[in-house]
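Fold and contact review
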Amino acid sequence: MKKVKNLSDEALVELIREENQEWYREVVKRYQTKLMRYATSLIDDEDKAADVVQEAFLKAFVNLQGFNTKKKFSSWLYRIVHNEAINYLKKHKKEVSLEQNQWIEQTLKSDQEVEKEFSRQETKLILHQSLKELPLKYRSPLILYFFEEKTYEEISDVLRIPLGTVGTQINRGKKMLKIIYQKKGGEAYAKN
Amino acid sequence: MPKTKKEADLSQKVMEQIKKEKVKMRPRVYFLVGSVLLGVGLAGAILGAILFLNLAFFRMRIHGPFGFLMFGEFGFRPFLATFPWLPLFISLAAILTGIILLKRYDISYKKSFLVLTIALAVLVLTMGFILDQIGFNERLERARPLPPFYPSHFTNQDWVMGEIIEIKEEELVITTPRGEEVRIFRQEETLLPFGGDFKVGERIRAVGEWQGEVFVAKGIGKGGMQWRIPPGPEGREKRRMLPRF
């Protein structure tokens, strides 16, 4: 078991497929915290997120032979969780999308100085507070980048969007968060 | 982000379900077949789009539907009747299928999808055009006429097409590529968008209506029936030299 713990994700998957399916437990252990955090940030309900992640782990297991070990396993797994979460949200119409909110779009165009004011830490804090109101389109790449510490390329693989779009959505999402936060009053930011 | 309280239970739950054999790993061959089918589907869709677009080009060449629009309102119905709707529709559907299948590949988001879609459309257009230009349809038509797709009729209730074999005072006699002879009656008010100076051997089209055995023309013009390899006796020798399908 000690040997298994030191293996890379991809090597571990190979071992699970070829030798012992019991080692899939190690995959679940490695990723359950991260995936629960990601799913909870999308769904905003820990119990439902747990169901979604569990379902995703089972789906990943069923399709494990289809995973190409030359690619990054974590991106593949996050992709499954992301899809499951999106399906859940669509089914329960839980997402409150602000994509149609004109005030955000209008303020965005006039506020060119916003980005400069934010350090990575400050942005993290604001993400916590205002994330729930952000459209999913911008929320997902922000969570993956700031909380899951994924690279642009990994985010591109998880969300299946071009690299350039990842950058655009992260930048736009950060600006949107700032605007949402300011509209809410901004006391918390001022205190910190 | 808040710490999750469910995480400790997950590995146990997942493994329990797997152990109870409720969940089984799909065999590798399942994914292999899926990826082969995807590849075949994509290739088939692109090939189908090329073939049907080539067919549409061919029918444009033979019936020349836009030429009927020269006759104004009289040419509208013949235009609708001869325009290659079906091949174009099938070709478009095949391109859309190709685009949908292409989305399943990583390249669809690694590269600009718009550029990929345009590249696919350009490929289909170019190959379809080239295939038509090298006489592929003439060869296929000879081997297998495929009636719903290849132009099988050159006379209809309100239009006729063919080659002039005789010119009289108020009458033109044509022969259609199918060998039918048609007498076209020319009136004073007949529209002649290309002029009235016709010669024997010229290919013409006429719109109007049948009065018994005679076709009374409301408009007569040149064009259409541009075979790469001519039909009938003229092209028989050339056709004979072509390989059979």
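Predicted, not measured: the structure shown is a model, and the values here were computed from it. Per chain, residue numbering runs from 1 following the sequence as it is written. For this description, chains carry letters from A and ligands carry numbers from 1, given in the order in which they are written. Where totals are concerned, whole chains, interfaces and linings use all residues; where local detail is concerned, this predicted model gives features only for residues with pLDDT of at least 70, and gives and counts side-chain atom pairs only at 80 or more.

Looking only at helices and strands, chain B features nine helices and five strands. By definition, any uninterrupted DSSP run of H or I lasting at least four residues is a helix, any uninterrupted run of E lasting at least two residues is a strand, and each is numbered from the N terminus. Sequence-ordered secondary structure for chain B, helices as α and strands as β, is α-α-α-α-α-α-α-α-β-β-β-β-β-α. The exposure scheme places C-beta atoms from the backbone and then counts, for each residue, the other C-beta atoms within 10 Å of its own, assigning buried at 20 or more, exposed at 12 or fewer, and partly exposed in between. The buried share of chain B, reckoned over its 245 residues, is 27%. Within chain B, residue pairs in contact and separated by at least 24 positions form 66% of the contacts whose partners lie at least 6 positions apart. Contact criterion: two residues are in contact if their C-beta atoms, reconstructed from the backbone, are within 7 Å.

On to the interface of chain B and chain A, then. In this assembly, 20 residues from chain B lie in contact with 29 residues from chain A. Mapped by element, the contributors of at least two residues to the side of chain B that touches chain A are α1 (7–19) and α2 (28–63) of chain B. If you tally residues by element for the side of chain B that touches chain A, the top one is α1 of chain B, at eight residues. Three residue categories are used. Nonpolar comprises Ala, Val, Leu, Ile, Met, Phe, Trp, Tyr, Cys and Pro, charged comprises Asp, Glu, Lys and Arg, and polar comprises the others, including Gly. Of the residues in the side of chain B that touches chain A, the class split is 10 nonpolar, four polar and six charged.

If a residue is not glycine, its phi is most likely negative; likewise, a peptide bond is most likely trans. All names here are of chain A. Although it is not a glycine, glutamate 149 sits at a positive phi angle of roughly 55 degrees. Mapped onto the fold, glutamate 149 is located in the loop between α8 (136–147) and α9 (152–159). Looking at glutamate 149, the number of C-beta atoms within 10 Å reads 9, which means it is exposed. Phi at arginine 160 takes a positive value of approximately 50 degrees, unusual for a residue other than glycine.

Residue and element names in this part refer to chain B. Strands were regarded as paired on the criterion that DSSP finds at least two bridges between them. Of the pairings in the sheet, the one linking strand β2 (residues 171–175) to strand β3 (residues 181–191) comprises five bridges and is antiparallel in character. Among the inter-strand pairings, threonine 175 is bridged to a residue of β3, identified as glutamate 181. The antiparallel hairpin formed by β2 and β3 contains five residues in its connecting segment, where glycine 179 sits at a positive phi of about 95 degrees. Strand direction decides the pairing type here: β3 and strand β5 (residues 214–222), joined by five bridges, are parallel. The partner of phenylalanine 185 across the bridge, within β5, is valine 216.

Further remarks concern the sheet that holds β3 of chain B. All names here are of chain B. Taken together, five strands build a closed barrel; the order of strands is β1-β2-β3-β5-β4 and the barrel is mixed. Taking the axes of each pair of neighbouring strands and ignoring which way they run, one obtains an average angle of 55 degrees across the sheet. Looking at chain direction, strand β1 (residues 159–167) and β2 are connected through four bridges and run antiparallel. Its bridge partner lying in β2, glutamate 166 is registered against valine 173. Under this scheme, a helix contributes an axis fitted over its contacting stretch, all axes are lines through C-alpha atoms, and angles between N-to-C directions fall in the 0 to 180 degree range.

Okay, the pairing of β5 of chain B next. Residue and element names in this part refer to chain B. Of the pairings in the sheet, the one linking strand β4 (residues 203–211) to β5 comprises eight bridges and is antiparallel in character. Bridge pairing in β5 places glycine 208 opposite alanine 217. Counted along the chain from β4 to the antiparallel partner β5, the turn is two residues long, and its residue glycine 212 has a positive phi close to 65 degrees.

Note that bend, as reported per residue, equals the angle between axes fitted to the 7 residues terminating at that residue and the 7 residues originating from it. Taking the largest bend as the criterion, helix α3 (residues 24–43) of chain A deviates by roughly 50 degrees, centred on tyrosine 31 of chain A. Looking one or two places after α3 of chain A, you find aspartate 44 of chain A, whose phi comes out positive at around 65 degrees.

Residue and element names in this part refer to chain B. Segment limits for the domains were obtained from an automatic or database-derived domain assignment. Annotation of chain B at the domain level lists domain 1 (28–143) and domain 2 (159–222). Between domain 1 and domain 2, the C-alpha centre-to-centre distance is 34 Å. The interface is formed by seven residues belonging to domain 1 together with eight residues belonging to domain 2.

Residue and element names in this part refer to chain A. With domains assigned, chain A is organised as domain 1 (2–92) and domain 2 (102–191). Facing the 11 residues of domain 1 at the interface are 11 residues of domain 2. Of all the secondary structure elements, the ones that give two or more residues to the side of domain 1 that touches domain 2 are α3 and α5 (73–92). Take the side of domain 1 that touches domain 2: its biggest share by element is five residues, from α3. Considering only residue class, the side of domain 1 that touches domain 2 consists of three nonpolar, three polar and five charged.

Here we take up the packing of α2 of chain B against helix α5 (residues 85–102) of chain B. Residue and element names in this part refer to chain B. With their axes 8 Å apart at the nearest point, α2 and α5 run at an angle of 155 degrees to one another. Here α2 is positioned roughly antiparallel relative to α5, judged by the angle of their axes. Along this stretch, α2 crosses α5, giving a crossing that reads as left-handed. Listed contacts from α5 to Leu38, Gly41, Leu42, Ala45, Ile46, Gly48, Ala49, Phe52, Leu53, Leu55, Ala56 and Arg59 of α2 are Pro87, Leu88, Ile90, Ser91, Ala94, Ile95, Thr97, Gly98, Leu101 and Leu102. A breakdown of the residues in the contact of α2 with α5 according to their chemical character gives 16 nonpolar, five polar and one charged. Under this scheme an angle from 65 to 115 degrees is roughly perpendicular, one under 35 degrees roughly parallel, and one over 145 degrees roughly antiparallel; angles in between are oblique. Two helices crossing with the near one rotated counterclockwise from the far one by less than a right angle form a left-handed crossing, whereas a clockwise rotation gives a right-handed crossing.

Quick look at the packing of helix α4 (residues 46–62) of chain A against α5 of chain A now. All names here are of chain A. At a minimum axis distance of 9 Å, the contact between α4 and α5 shows a crossing angle of 130 degrees. The orientation of α4 with respect to α5, classified from their angle, is oblique. The hand of the α4/α5 crossing is right-handed. Contacts between α4 and α5 involve Lys48, Val52, Val53, Glu55, Ala56, Lys59 and Ala60 from the former and Leu77, Ile80, Val81, Glu84, Ala85 and Tyr88 from the latter.

Before going further, it helps to spend a moment on the confidence of the model for chain B. One rule of thumb: low pLDDT means the predicted coordinates there are not for detailed reading. Residue and element names in this part refer to chain B. pLDDT gives the predictor's per-residue confidence on a scale running from 0 to 100. Across chain B, pLDDT averages 84, with 84% of residues at or above 70. The element-level mean pLDDT for chain B is lowest in helix α9 (residues 232–240), coming to 53, with α5 highest at 95. Below a pLDDT of 50 lies the segment residues 239–245, which in the model reaches eight contacts outside its immediate sequence neighbourhood of four places, other chains included. Across the interfaces of the predicted complex, the ipTM metric reaches 0.72, alongside a pTM of 0.75.

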